[in-house]
Structures are given as structure tokens and as C-alpha cells.
Amino acid sequence: MEIEKVIDNVYWIKNNGSRILTTLNFKQGVSVYGERIFRLNGREYREWIPSRSKLAAAIYKGFKPVGLREGISVLYLGASTGTTLSHISDIIGREGKAFAVEISEEIGVRLILLAENRKNIYPIIYDAAKLEDKGSILQRCDFLYEDIAQKDQVGIFIKNANNFLKRGGYGAIAVKARSIDVLSPPKEVIERARQELSKRFSIMKLIDLYPFQKDHAIIFVKN
Amino acid sequence: MDNRDFIIEAKRAIKDKWTVDTLIKRLVELVDQTSKAENILFKAVYDLFFLYYPEAGIKLEEKERFIEEIKNYIDRDDISKHLGSPKESMGYDLTGTYIEVIKDGLKEISDIRLLINSIENKIDDLINKNYPNSYAVLTGMITARLISIAGSMQELAMMPSSKIQILGTESTMFIKGRRTPKYGVIFKHKLVQSADDNLKGKIAKVVASCGTLAIKTDIFSKEDKKDAILSELNRRVDKILGNRKGHR
């Protein structure tokens, strides 16, 4: 087996021609959502499944999210049960901070239980569209990630970037075409979102996530 | 910096979000799913009985009747005496232990019914305690179903009565070329049920109107206006029924 570094704490594990994306496990011996764990050279690697995480799918499609480094602070909108979040927590490591915003109380329970195990996750049970109310406890972050199923998800992303993203910071938005507009063709919806974002940010890359996720795209931006 | 403060704050936020409406919603869901399970179980048990004694099975297609009759006698001889079906059966000759399976299935169905009844009583108690006016006008189960569709009583109180009248018809609401439904969850109300078919829509409108009054009273003023609203409801229903008699 060979190991190849992608970005901080993210590695390809190559075996007989196939490759698996993994992150270095922050909490030894714990699998968060039932993913496989590989032990190589005394270190633990957790598999990052592209069909469950849009960020992983983007890396599988050949993009390196350079903004994600060890020790940065991340604002994650729409954390859900913390599948992608657990890998981001792996990447940023002990020094980093991941502020995870989630509105639903039922899903929030799992998020809090995850945060109790991983000290770099800071859960906030609140509406991502009204996050400016929490301005007193939040800080400006280096990386903003949004994965919410809202019609106005691009607007919410821009608003939160204005409030909580550092100058020169990076962002990624998972565009859910079917949540924004059911009737228009997904490609058109994604293109519209790209144009709207390009007024405010410089676009780094737009990636269609097919075949890992249908009608989804991820757009990486720089502030 | 530790994330402990955030965890404490988030835990408090989650705990504050649960209300009695959440409990009601969950209980209604439990009733719905349990009744679905009961139907599935009944179908399977009925099919097994049909294999054993198809002649009697055809006569006992109705659920209530099947449970009532098979509870006491399970042997072919007993059933044939009771129902007058032929003693020589086309069915597969099941032996004692397999007949026991049918019996056990029936016992399970009656257990599920007891569960549903007890949950429904609990929902009634909850509604009566928290929303007494709505309980008097709309009864417990209908109010609970309305809450589970609307999300919470607060949201229900913000709705107009026409919306409450058709709440629960979301699936048929937007079919092209079809008229707007006359009633949704309100249909289960005993005044609507007992009315003639051509008057059901009008009665549903009146029930929804008075129900809306009761819901708003429960949320905003929290006074006890049961009798006033009920007498208003009866007056308007009588007017509709009376008009019809006058015309004939």
C-alpha cells in the first residue's frame, strides 16, 4: 500500500491500482458513521466516502481545496449529523476550530454527541439564515462551507461570508439545484448560482458532482 | 479555548425546542404507523386462514367480522357449524400447531389494538389539558392531527379557517382539473360524518370556522369559551340543516 498526500491530513491510500480517500483520524479508534478505518505505519486513516460527502466527491473529481489547512477556523453551515464535519475536524486538527451550525433539533443531538468526542467542533443550534444574532460568540473564520437545502442558499452564503469570512479566506458552497428550483434544468440553476457568486467572490472552480451526487455541484470561491 | 460552553448552550437550545406539540406529533405518528402495522399483520394472518379454510375465509373478508368470529372457534368443525359453510374444505389440512399460529397472530392484533386505544386516550388527555376549547369543539384526535400537520399549535392559530378546513388534503390539493377538496382532517368530526353527502362541505366549513375560533382562544386569550363556541356551532349547523328541511 502506498500513501500520497493531498492536503493537510488528507491522503490517498493506493492499493492494487485502486485508490481510497482518507483522513488522519483525530480520535483514535473511533469510527463516526460506520466508515472503514485503515491502520498503516502506526497511524489511523478514516475512509472518506464520496457518495456521502460532497467535499470528498470534489477531491475525487480532481480538485485540491487549498484553503483547508491544519489549524484554521471553519464555519460550517448545515452540519447535519456531522459526516463531512468529522473529516473537516480531522483536517484542521487540534489547533483548529470548526463552528457547526445546524437548525434541526433531532439531528443536532448527534452533532452534539460528536462534539463531545472531538474538542475542535463547536456546535451551534441555530438558523444559518439569522446567524448574525450569534455575532458575539462567533469569530471571523478562514474557511466557510455551506451545505443547506434552502431556496436562498446562495444569498445566505454571501450574507454569512460578509459577516464571518476573513479577507483572503476561502469558501465552498454545495449547490443543490433541486432545492433552488425544481422546474428549471439543474445546469441552468448552477450557472445562475455561479454568476451570482462571481459578483462577490473570485470563483476558483465549479465542479459537477455527478456520478457521486446527482444534480449537485460544489463551487469553490476566494474572498 | 474549549468547546464546552458551546456544547452547554447547544444542549439548552435543543431542550428548549421540545414542546407538548412535539410529543403530540410523535404520538400521532405512532398511532398511524401502528395502525399500518396492524393492517399488514391482519392481511398476513387472513391469508394463512384462507389457506386453511377458504370457504369460510370468503365469508369473513371484513376485518372486524373476522376477528370477532375467529376469536372463539378455530377448528373447521366449529366454524362450519357457526357459519354454515361446508364441512368438506378445499383448503390445505393444517394440523394443531399451525392453527396455533393463526391464534397467536390474532392475539397480536388485539394487543396492537389495545396499544392504539391507550395512545389515543393519552392524546385526548394531553389535548384536554393543554387546549380545552379545541378539545370541546374539535375533539382530541382531530386537534392532534391538525397540530401534527401544521407543526405546532402556534402556527395553527395563525391559519385562516379555510385552510384548517382542508388541512390534510395536501396530496389531492394540486391535481390539475380537479376542484379544491371540501374537507381534510375535519372529515372525521362527528357532525360532518352524520351529515348528508350534499351538506358535508357546508358543515365542514362551519366546523372549521368554530374550530379556528377555539384554537385561537386556546393560544391567545386562554379563556374558557367552550360553551359559547359550542352553542354557536350548534346554531349554525341547525341553520344549515333547517334550511334544507324548509326547501323540501
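Draft legend 1. Highlighting helix α2 (residues 83–92) of chain A. Residues and elements named next belong to chain A. Counting buried positions along α2 gives nine out of ten residues, so the element sits mostly inside the fold. Of the positions making up α2, those classed as buried are Thr-84, Leu-85, Ser-86, His-87, Ile-88, Ser-89, Asp-90, Ile-91 and Ile-92. Looking one or two residues past α2, Gly-93 carries a phi angle of roughly 70°, positive in sign.

Draft legend 2. Structural context of the interface of chain A and chain B. Listed by partner, the interface residues are twelve residues for chain A and nine residues for chain B. For the side of chain A that touches chain B, the secondary-structure elements that each account for two or more residues are α3 (105–117) and β8 (121–125) of chain A. Top contributing element to the side of chain A that touches chain B by residue count: α3(A), with six residues.

Draft legend 3. Structural detail: the domain arrangement of chain A. Residue and element names in this part refer to chain A. Per the domain assignment, the segments making up chain A are domain 1 (2–49) and domain 2 (56–222). Summarising the inter-unit geometry, the C-alpha centres of domain 1 and domain 2 are found 22 Å apart. At the junction of the two partners, domain 1 supplies 17 residues and domain 2 supplies 20 residues. Sort the elements by how many residues they give to the side of domain 1 that touches domain 2 and strand β3 (residues 18–24) lands first, with three residues.

Draft legend 4. Quick look at the environment of B:Tyr52. All names here are of chain B. As for its placement among the helices and strands, Tyr-52 is situated in helix α2 (residues 20–52). By C-beta crowding, Tyr-52 is classed as buried, having 20 other C-beta atoms within 10 Å. For the pair Tyr-52 and Glu-223, spaced 171 residues apart in the sequence, the C-alpha separation amounts to 60 Å. Those residues within four positions of Tyr-52 in sequence are excluded, and the remaining contacts are Gly-91, Tyr-92 and Leu-94.

Draft legend 5. Representation of the domain arrangement of chain B in the model. All names here are of chain B. The domain architecture assigned to chain B consists of domain 1 (18–130) and domain 2 (131–241). Contact residues are listed per partner, giving twelve residues for domain 1 and 13 residues for domain 2. Only α2 and α6 (96–130) provide two or more residues apiece to the side of domain 1 that touches domain 2. Ranked by residue count, the leading element in the side of domain 1 that touches domain 2 is α6, at six residues.

Procedures and definitions
- Residues numbered from 1 in each chain as written.
- Chains lettered and ligands numbered in written order.
- Predicted model: local features only at pLDDT ≥ 70, side-chain atom pairs only at ≥ 80, totals over all residues.
- Buried ≥ 20, exposed ≤ 12 C-beta atoms within 10 Å, placed from the backbone.
- Helix = DSSP H or I, 4+ residues; strand = E, 2+ residues; numbered from the N terminus.
- Contact = placed C-beta atoms within 7 Å.
- Domains from an automatic or database assignment.

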